[in-house]
Amino acid sequence: MNSFGYEIWLAMVTCFAAVFTQNILLTTFLGMCPFTSVSREVKTAAGLGGAVVFVMTCTTAINYWAYKLLIYLDLEFFRFILFIIIIAAFVQFVEMVIDRYSPKLYQSLGIFLPLITVNCAILGASLFMVIREYHFIQTIGYGFGAGLGWMLAILAMAGIRTRLNESRVPEGLRGPGITLIIAGLMALAFIGFTGVLS
Amino acid sequence: MADKNACMTCGGRGGLCGGKGIATLKEGVWTNNPLAIQVLGICSALAVTNKLSNSLVMGCAFLFVCVGSNLFVSLLRNNIPHRIRMIAEVAIIATFVILFDQFLKAYYWEMSKQLGPYVGLIITNCIVMGRAEAFALQNPPIVSIVDGVANGIGYGVALAIIGFARELFGSGQVVLGNLVLDLGYWYTPNQLMILAPGAFFVFGVLIAFFNLVKGGDGEEDKK
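Residues numbered from 1 in each chain as written. Chains lettered and ligands numbered in written order. Predicted model: local features only at pLDDT ≥ 70, side-chain atom pairs only at ≥ 80, totals over all residues. Heavy atoms only, no water.

Participant: Any chance you could explain the packing of aromatic side chains here in plain terms?
Facilitator: Each aromatic ring pair is summarised here by two numbers: the centre-to-centre distance and the angle between the ring planes. As enumerated under the stated definition, the model contains 18 aromatic pairs over all chains in all. Judged by centre distance (5.0 Å) and plane angle (50 degrees), the rings of Phe16 of chain A and Phe20 of chain A are tilted. The exposure class assigned to Phe16 of chain A is partly exposed, which follows from its relative accessible area of 33%. Its relative accessible area of 22% is what places Phe20 of chain A among the partly exposed residues. Among the aromatic residues, ring-to-ring pairing joins Phe64, Phe72, Phe96, Phe100, Phe103, Tyr107 and Tyr108 of chain B into one connected group. Seen from the ring of Tyr101 of chain A, Arg100 of chain A lies directly overhead, with NZ or CZ sitting 5.0 Å from the centre. The lysine or arginine in question, Arg132 of chain A, covers the ring of Phe128 of chain A, its NZ or CZ lying 4.4 Å from the ring centre. (Phe/Tyr/Trp six-rings, centres within 6.5 Å; stacked < 30°, edge-to-face > 60°. Buried < 20%, exposed > 50% of the residue type's maximum accessible area, 1.4 Å probe, protein only. Lys NZ or Arg CZ within 6 Å of the ring centre and 35° of its normal.)

Participant: For this particular structure, what's the right way to read the environment of Ser108 of chain A?
Facilitator: Residues and elements named next belong to chain A. Secondary-structure assignment places Ser108 in helix 5 (residues 103-109). Here Ser108 falls in the partly exposed class, since its relative accessible area comes to 42%. Remark: the alpha-carbon pair of Ser108 and Trp65, spanning 43 residues in sequence, is separated by 31 Å. (Helix = DSSP H or I, 4+ residues; strand = E, 2+ residues; numbered from the N terminus.)

Participant: What is the right way to read unusual backbone geometry from this model?
Facilitator: Glycine aside, a negative phi is what most residues show, and trans is what most peptide bonds show. Residues and elements named next belong to chain A. Phi angles above zero are rare outside glycine, and Phe29 is one such case at about 60 degrees. Residue Phe29 is classed as buried on the basis of its relative accessible area, which comes to 4%. In this structure, Asp74 is a non-glycine residue whose phi angle is positive, near 65 degrees. Position of Asp74 among the secondary structure elements: in the loop between helix 3 (42-73) and helix 4 (79-101).

Participant: For this particular structure, what's the right way to read the interface of chain B and chain A?
Facilitator: How big an interface is tends to be stated in terms of the accessible area lost upon association of its parts. Between chain B and chain A, the residue contacts involve 40 residues of the former and 39 residues of the latter. Contact between chain B and chain A buries roughly 3300 Å² in total, counting both sides, with carbon and sulfur atoms accounting for 81%. Sorting the residues of chain B by area buried against chain A places Cys43, Thr124 and Phe200 of chain B first, and these three jointly supply 19% of that buried surface. Where chain B touches chain A, the interface holds 0 salt bridges. The tally of links from chain B across to chain A stands at 1 residue pair in polar contact (both at pLDDT 80 or more). Listed by contribution, the elements that provide at least two residues to the side of chain B that touches chain A are helix 2 (42-47), helix 4 (85-107) and helix 8 (196-214) of chain B. A per-element tally of the side of chain B that touches chain A places helix 8 of chain B first, with 12 residues. Among the residues making up the side of chain B that touches chain A, the classes are represented as 27 nonpolar, 8 polar and 5 charged. (Contact = heavy atoms within 4.5 Å. Buried area = accessible area lost by both parts, 1.4 Å probe. Salt bridge = Lys/Arg side-chain N within 4 Å of Asp/Glu carboxyl O. Polar contact = N/O pair within 3.5 Å; in protein donor to acceptor, adjacent residues only side chain to side chain. Nonpolar A, V, L, I, M, F, W, Y, C, P; charged D, E, K, R; others polar.)

Participant: Help me out: how do you make sense of the pairing of strand 1 (residues 173-176) of chain B in this one?
Facilitator: Side-chain positions along a regular strand alternate between the two faces of the sheet. All names here are of chain B. Relative to strand 2 (residues 179-182), strand 1 runs antiparallel, the two being bridged by 4 bridges. Note that in strand 2 the partner of Val174 across the bridge is Leu181. Here strand 1 folds back onto strand 2 in antiparallel fashion, the turn holding 2 residues, of which Gly177 has a positive phi close to 65 degrees. (Pairing = 2+ DSSP bridges.)

Participant: Got a minute to help me understand the confidence of the model for chain B in this structure?
Facilitator: Residue and element names in this part refer to chain B. Chain-level statistics for chain B give a pLDDT mean of 79 and a share of 87% at 70 or above. Confidence, read as mean pLDDT per element, is least for helix 1 (residues 21-31) in chain B (71) and greatest for helix 3 (residues 52-75) (91). Counting interchain partners and residues more than four positions distant, the pLDDT-below-50 stretch residues 1-19 has 28 contacts. The model gives residues 218-223 a pLDDT under 50, and that stretch makes 8 contacts with residues more than four places away or in other chains. Interface scoring of the predicted complex returns ipTM 0.81; its pTM is 0.80. (pLDDT = per-residue confidence, 0-100.)

Participant: Help me out: how do you make sense of the pattern of salt bridges in this one?
Facilitator: Side-chain pairing between opposite charges can occur once the charged atoms of the two side chains come close. Residues and elements named next belong to chain B. Taken as a whole and assessed by the stated rule, the structure comprises 3 salt bridges over all chains. A salt bridge links Arg85 to Glu133; the nearest nitrogen and oxygen atoms lie 2.8 Å apart. Highlighted residues: Arg85 in helix 4 and Glu133 in helix 6 (residues 126-134), separated in sequence by 48 residues. Residue Arg85 shares its accessibility class with Glu133, and that shared class is buried.

Participant: Explain the nonpolar core here, please?
Facilitator: It is characteristic of soluble globular proteins that their nonpolar side chains tend to be buried jointly. With 111 residues, the main nonpolar core has Ile24, Met32 and Ile116 of chain A together with Phe200 and Phe203 of chain B as its most contacted residues. Residues in contact with Phe200 of chain B, not counting those within four places in the same chain, are Leu25, Leu26, Phe29, Met32, Leu180, Ala183, Gly184 and Ala187 of chain A together with Leu46 of chain B. (Core = buried A, V, L, I, M, F, W, Y, C linked by side-chain atoms within 4.5 Å.)

Participant: In this structure, what is going on with the packing of helix 3 of chain A against helix 4 of chain A? I would like to understand it.
Facilitator: In a packed pair of helices, the relevant descriptors are the angle between the two axes and the axis-to-axis distance. All names here are of chain A. It is at 10 Å that the axes of helix 3 and helix 4 come closest, and there the two elements cross at 140 degrees. The pairing of helix 3 with helix 4 is recorded here as oblique in orientation. Judged by the sense of rotation from one axis to the other, the crossing of helix 3 with helix 4 is right-handed. Across the interface between the two elements, Phe54, Val55, Cys58, Thr59, Ile62, Asn63, Ala66, Tyr67 and Leu70 of helix 3 pack against Arg79, Leu82, Phe83, Ile86, Ile87, Phe90, Val91 and Val94 of helix 4. (Axes fitted to C-alpha atoms, helices over the stretch in contact; angles between N-to-C directions. Parallel < 35°, antiparallel > 145°, perpendicular 65-115°, else oblique. Left-handed = near helix turned anticlockwise from the far one by under 90°.)

Next comes the structure, spelled out in structure tokens:
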């Protein structure tokens, strides 16, 4: 029982680390494409962020067992294809379930789901989970934390960009350029968290 | 090459893709550079560019995958049912990514470890998918190969520029095999360039530079 408590503790630490010290967007650069294109309004950013948290938590958990199966079959190199298929299938499945049972939720979340399949953060989280050799409970913590960190970053960016509409940006930097510079400043702030966990 | 199938990414500019060789090449490398102009597939571009050598290997990986997938998607373009084309494209792309990943693991283990998950993440790189979807599905194999090469080179060059700048200013010297470019003792290396924020800054400046040189034709509504 004691070791189970330790596992939970480890999962919480991993979750915290994934949100702050190793933010999946600002330190490993995953999920940049939607980050630059969907971060115009706070509301849409929140919707997409919520969908990412949910899908990431679930797919990392599923992929954990899928990878175990691949190791058993001695087919590790096959993992890229398997992971992406599982993610695509899961997203499709969730979309259908939500559409059937909760049209209201579908209205607010559903349109973001197809976008998620091509979000590299989702696949990236599964690959990091494999590379860093997390245990199962830790994997869930990591998936949740990484999703939360991504949501935090895109929400902050959306807030900043709403303000940015009223300011004058140098010509060449308009659009994606200034977004990246701001992301750099945010990353700078997040570096401040390094060393919180040691 | 029917007109109704005008290319998704450059349809607005008179469908250059409909032309041949040189036009396609220029399109990919300069006027429609996948990284600096379209700002697609930036995840790996930011992550692996802390060193010039990493950037070059990533560029090669990208070139290989893009050419391979373009060729095979183009060869199979009349046999893939429209409805499942996405999953077919992903399967083709993933096959090439696995090939390259296995090659790296077998011959350049150190490099493979440094690149980490980012080789695998080429699968979800929007550029490869976009080229397969927008170009290879509608064009014969040879032109598709040219398109793959052009985009691969455009991507690789942009990566190399970022990687060069970051390594030079981040560690004070650029090391590539036996070649060493040293800034000398007067320069104090700025660690920040190697860390995450440096990547964002350098890439933002690169985009601004490309836009300015090209004369910013309505970049306002870019994704």
